[in-house]
Amino acid sequence: MSNIEVVLYGASGYTGEHVMWKLAERGIPFIAAGRNKAKLERRIAEQPELANARYEVVEVAHDEAALTELFRGRKVVHNLVGPYAQFGEPVLKAALTAGCHYLDATGEQDWKIHIRDTYGKAFADKGLVLAPATSSMWVSGLLAAETVLEKPGIDSVDILYTLAGVPSAASTLSFMRMCCQPQLRLVQNKLEAWPPAAHFPVSVPGLHQVLTALPWSGGGEALFYEHDDRVINCSTLVTFLNQGLMGLLIPKMQEFAEKYAHLSGEDQEAATNAWAMQIAPEGDMPREDYLQHRVLFTCHGRGTLVARSTATWGVTGYVMTGTIGAVTIDTLLLGRQRAVGFQPATSVVGVDRMRGELTSEGVLGQTTVLI
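Residues numbered from 1 in each chain as written. Predicted model: local features only at pLDDT ≥ 70, side-chain atom pairs only at ≥ 80, totals over all residues. Heavy atoms only, no water.

### Points about empty space enclosed by the protein
Part 1: Throughout the structure, instances matching the rule amount to one cavity of 30 Å³ or more.
Part 2: Taken together, Ser-140, Leu-143, Ala-144, Thr-147, Phe-297, Thr-312, Arg-355, Leu-364 and Thr-367 make up the lining of the largest cavity.
Part 3: Taken together, the elements giving at least two residues each to the lining of the largest cavity come down to helix H7 (136-149) and strand S16 (364-369).
Part 4: Ranked by the residues each element gives to the lining of the largest cavity, the list is headed by H7, at four residues.
Part 5: A breakdown of the residues in the lining of the largest cavity according to their chemical character gives four nonpolar, four polar and one charged. (1 Å grid on protein atoms, 1.4 Å probe; cavity = no way out; pocket = protein on both sides within 12 Å on 5 of 7 lines; lining within 4 Å. Points joined across faces, edges and corners; volume = space filled by probe spheres on them. Helix = DSSP H or I, 4+ residues; strand = E, 2+ residues; numbered from the N terminus. Nonpolar A, V, L, I, M, F, W, Y, C, P; charged D, E, K, R; others polar.)

Here it is, written out as structure tokens:
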């Protein structure tokens, strides 16, 4: 067995491409694992940044026993195969059995709740990190929230992601299912569901148009702040400059609530998978363009008699996700994690370092205090 300590499972996908790139920049060796070795090798060969990287390519069945064998002796597993509610559990269980820290790039709120409640204590008892959503969603919103929580007296955060570009095929499968499941926000220290098919007009700093936003599964922030003594209310909305995507999603959310919400979980997943494949991009996606894929993260903070609002400008959600994954993996390899068990990447790495790394990478920029 090699001494490589990092496994990227599902590395041939669009998100995996970016995590490999950012690990290679840091000189961190990795095992690129997946079900199709030829596809993995092709994707790696297409990335010039990996020409001098140290890596191994391993074909492995999507099976708990096979994955456990692969993970034994490693330190970190970064799972990049979604939708996670459909495919994640064998990977997570294998990581736990093998004694590895577990990361993924999920946006799915129901998956995060499930693994927190089912596996969070087991990971913590072993001194291991369980960090879903080690990705732009929902790390960027947490960083935005922390810019307002710096002000004493703030206890409520209202977060908005304004995004550009097209989600990858795997991301499309994930967001279609998660937008149709119950979407939770934190209200007076309790998780509470948004109304089915909820959508809202939002005003975005620096933009004259009013956009339509969705809870987008409810986000990850409400879960991560649920037991944080500083926060009693937390909500997250997401909008895309491509409002056509919002226009496609809202009728599907309404149709799901009316026709599918009472069906079995299997039938629900089949329906959302079919819808997602109707709109998912085909083939390999090109790298994001920094001139086009500009993003914005805003947060309104409120206390009883105080308020603060901020806006943080950035670019390229997938490059950001690759950087977040690489920084978190580097922290774990060095044994410098600040927390164990179910945690966001910001708690594992530290808010200041995470923000600093993204700023140095050139994907997170100006933060402006609006109020």
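### What to know about the pairing of strand S2 (residues 30-34)
Part 1: Extensive coverage of S2 is indicated by the burial of five of its five residues.
Part 2: What you see with S2 is no split at all: Phe-30, Ala-32 and Gly-34 on one side and Ile-31 and Ala-33 on the other are buried throughout.
Part 3: Where strand S1 (residues 6-9) lies against S2, three bridges are found, and the strand directions are parallel. Residue pairing for S2: Leu-8 is matched across the bridge by Ala-32.
Part 4: Handedness of the S1-helix H1 (residues 14-25)-S2 crossover: right-handed.
Part 5: Pairing between S2 and strand S3 (residues 55-59): five bridges, direction parallel. For Ala-33, the partnering residue across the bridge sits in S3 and is Val-58.
Part 6: Handedness of the S2-helix H2 (residues 37-45)-S3 crossover: right-handed. (Buried < 20%, exposed > 50% of the residue type's maximum accessible area, 1.4 Å probe, protein only. Pairing = 2+ DSSP bridges. Right-handed = clockwise from strand over helix to strand, strands pointing away.)

### Quick notes on the sheet that holds strand S6 (residues 129-131)
Part 1: If you trace the seven strands from one edge of the open sheet to the other, you get S3-S2-S1-S4-S5-S6-S15, paired in parallel fashion. The outermost strands of the open sheet, each flanked by one partner alone, are S3 and strand S15 (341-342).
Part 2: Here H2 sits on the sheet and contacts S2 and S3; the angle it forms with S3, its principal contact strand, is near 155°. (Contact = heavy atoms within 4.5 Å. Axes fitted to C-alpha atoms, helices over the stretch in contact; angles between N-to-C directions.)

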